[in-house]
Structure formats: structure tokens, C-alpha cells
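Structural overview for review
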Amino acid sequence: MIRDITLGQYYPAKSIIHQLDPRVKLVTTMVYIVSLFVAKGISGYLIATLFLAMVVKMSKVPFGYITKGLKAIIMILLITVVFNLFLVDGDIVLWRFGFLRITDKGVRTAVFMAIRLIYLIIGSSIMTLTTTPNDLTDGLEKLLGPLKKIHVPVHEIAMMMSIALRFIPILLEETDKIMKAQIARGADFETGNLIQKARAMVPLLVPLFISAFRRANDLAMAMEARCYHGGDGRTKMKPLHYESRDKTAYAVVWGYLLLVIAANYVGGLYAIQLL
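Let us look at the structure shown here.

Cut-offs and rules
Residues numbered from 1 in each chain as written. Predicted model: local features only at pLDDT ≥ 70, side-chain atom pairs only at ≥ 80, totals over all residues. Heavy atoms only, no water. Helix = DSSP H or I, 4+ residues; strand = E, 2+ residues; numbered from the N terminus. Buried < 20%, exposed > 50% of the residue type's maximum accessible area, 1.4 Å probe, protein only. Contact = heavy atoms within 4.5 Å. Areas by Shrake-Rupley, 256 points an atom, 1.4 Å probe, with all protein chains shown as cover. Expected span 1.5 Å × (residues − 1). Arc of directions from axis to C-beta. Core = buried A, V, L, I, M, F, W, Y, C linked by side-chain atoms within 4.5 Å. Phe/Tyr/Trp six-rings, centres within 6.5 Å; stacked < 30°, edge-to-face > 60°. Pairing = 2+ DSSP bridges.

Comments concerning the overall build of the protein chain
- A tally of regular secondary structure across the protein chain gives eleven helices and two strands.
- Reading the helices (α) and strands (β) of the protein chain from amino to carboxyl end gives α-α-α-α-α-β-β-α-α-α-α-α-α.
- Counting only C-alpha atoms and orienting by the principal axes, one finds that the protein chain spans roughly 70 × 55 × 40 Å.
- Counting across all 275 residues of the protein chain, residues that qualify as buried make up 36%.
- Taking as baseline every contact in the protein chain between residues at least 6 positions apart, the subset at least 24 positions apart corresponds to 74%.
- Here the protein chain has roughly 17,600 Å² of accessible surface; of this, 69% comes from carbon and sulfur atoms.

Dropping the structure here:
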């Protein structure tokens, strides 16, 4: 399970998605997430599916590698589906057992919520898999630049995000090492009920937290030894500049969002005509 988490990891490849400006990928990801919540029917989700498939194909990242991150959210996905399936009221009752019942609207909502969550994870994973942590930090700092006028510490926020992204694969590797060491000493993380599994994680969490605090302290001392004093007056090794491909990508993503909104409008008109 630990090895299946792909968030914060970078997959090197030569693709048009890798070459895009990080600001474009950040904006595209946000627009895609918004489109998933804007889409209200089959046509909207079909457009989102085609758009996501196109981006995955262009990224040249293996689809199996992208979907590895879904294994870490299976429990959240199941809970979301079950809650929407049994707790959403509808006009037609498909199944009833005591106070539990499944309605047509509950099935529709559960399916759409599952698709939305899966697409959200895949879309976010593509952004992190095709962009290095340094580029993500520079892109985020550039996008939030106007907030400096109201004294928002943009550089510090971007730096914290960069450190967090860098620490994810490091902590995952540390967790894997501690788990193997505990298993070699007789620990069992697989068998038992939910409470027993939670108790078995305590010997894993304590050394992991200690290791994380030690790494954070070492990083703080290294930054202080190098006279780090914030973002004032700092320059970039690779300044960000928009290319023609970045402008084309902006046009495509905004066109995609308008297409999803138009699909909702057309679907609403069709529903009214049926009524």
C-alpha cells in the first residue's frame, strides 16, 4: 500500500505535458477539478473523460502507474459510495431493507461521486507526475504573486508546499523501512479487525514521527547555516516564461470548461422538453 502512493513523485518523460509551464498545469488542474463539480450529467462526465484520456495519452506516463495512487483511497471511495447510495432520497425506491433503501437518485449520485473522486485523484496525479517540486513551487509563487501587495507571505507558502512535496516520498520510504524492520521483529499489520490493525500501527507511527521531526530540525539548521532570510531579493535559476504551447494549452482548457457548461445547459433543456 505504501508503494502505491504516487502523490509528490515525479515521472521523467519527454512529452508536451512535461514541457508546459507549471503555472499552466496548476491552472489546468484547478479548472479540471471545478469542471468535475460543474458537470451534472452523463454528457458532462463524458467530455471530462475524453479530456482526461487525452492528457494521460499526451503525458506519456503509463496509465497503470497513474492509477496506482487509487489504491490508497479505496476505503474513502467505498465509504463515499455507500453513504450516497443509502442516504440519498429519490422518487423511485429500487431496494428496501428495514430503514435502509436504495433509490434511483442515490445510485446516480453514488456513481457520479465515485467517478468524480477517481478523476480528481488521476488529474492531480498527472500534475505532480509531470512537474518537479521546484517547478511547482515556482509556478505557485508566480501565480500568487499579486497577493504580495496585501502582505501575504507568498514565497514562504510556496516554500512550505515544496518542502511538503519533497518530504512525501522520503517519509514513504522511511515508513516502508520501519514496517519491514517491525515485521522482521514479529509485528503483524495485516491480520485482525480494524481496531487491532490500528493498534498495530502504533509501533510504526512513533519512530516515523521521531524521524520526521529529526529531518525537519536538520533542514531548519541547514537553512539557517546558509543564511536563508525569506523571499526578498531572491532570484530564480530558471525564470518562468510563457511559450506558444502554454497559450494554446490555456485556450484548450478554457474551451473544455465552456464545453462542459454548454453540455449541462443542453442537457437541462432536453430534460425540460421530456417533462
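After that view, the rundown keeps rolling.
Points about helix 5 (residues 74-87)
- Helix length check: helix 5 (14 residues) gives 20 Å between terminal C-alpha atoms against 20 Å at 1.5 Å per residue, within 8%.
- Every buried residue belonging to helix 5 is among Leu 77, Thr 80, Asn 84 and Leu 85, and all of these are buried. Seen along its axis, helix 5 keeps its buried residues to an arc of 120°; they face one direction. Opposite the buried face of helix 5, at more than 90 degrees from it, the exposed residues are Met 75, Phe 83 and Leu 87.
- Tucked inside the fold, the buried residues of helix 5 contact strand 2 (100-103) and helix 6 (104-129).

Brief notes about the nonpolar core
- In this structure, Tyr 32, Phe 51, Leu 52, Ile 66, Ile 122, Ile 126 and Tyr 256 are the most contacted members of the largest nonpolar core, which totals 32 residues.
- Among the secondary structure elements, those contributing two or more residues to this core are helix 2 (22-38), helix 3 (42-59), helix 6 and helix 11 (244-274).
- Setting aside its immediate chain neighbours within four residues, Leu 52 contacts Tyr 32, Tyr 119, Ile 122, Gly 123 and Ile 126.

A few points about the packing of aromatic side chains
- What the rule picks out here adds up to seven aromatic pairs.
- Taking 5.9 Å as the distance between ring centres and 25° as the angle between the ring planes, the aromatic pair formed by Tyr 32 and Tyr 256 counts as stacked. Here Tyr 32 is found in helix 2, whereas its partner Tyr 256 is found in helix 11, with 224 residues between them in sequence. Per residue, the accessibility class of Tyr 32 equals that of Tyr 256, and both read buried.
- A network of ring pairs unites the aromatic residues Tyr 32, Phe 51 and Tyr 256 as a single cluster.

Structural notes on the pairing of strand 2
- With four bridges connecting them, strand 1 (residues 93-97) and strand 2 associate as antiparallel partners. Bridging across to strand 2, Arg 96 finds its partner in Arg 101.
- Count of turn residues in the strand 1/strand 2 antiparallel hairpin: two residues, of which Gly 98 carries a positive phi of about 65°.

Regarding the environment of Leu 85
- Mapped onto the fold, Leu 85 is located in helix 5.
- Distance in space between the C-alpha atoms of Leu 85 and Lys 247 is 42 Å, their sequence separation being 162 residues.
- In contact with Leu 85, not counting residues within four places along its chain, are Arg 101, Ile 102, Thr 103, Gly 106, Val 107 and Ala 110.

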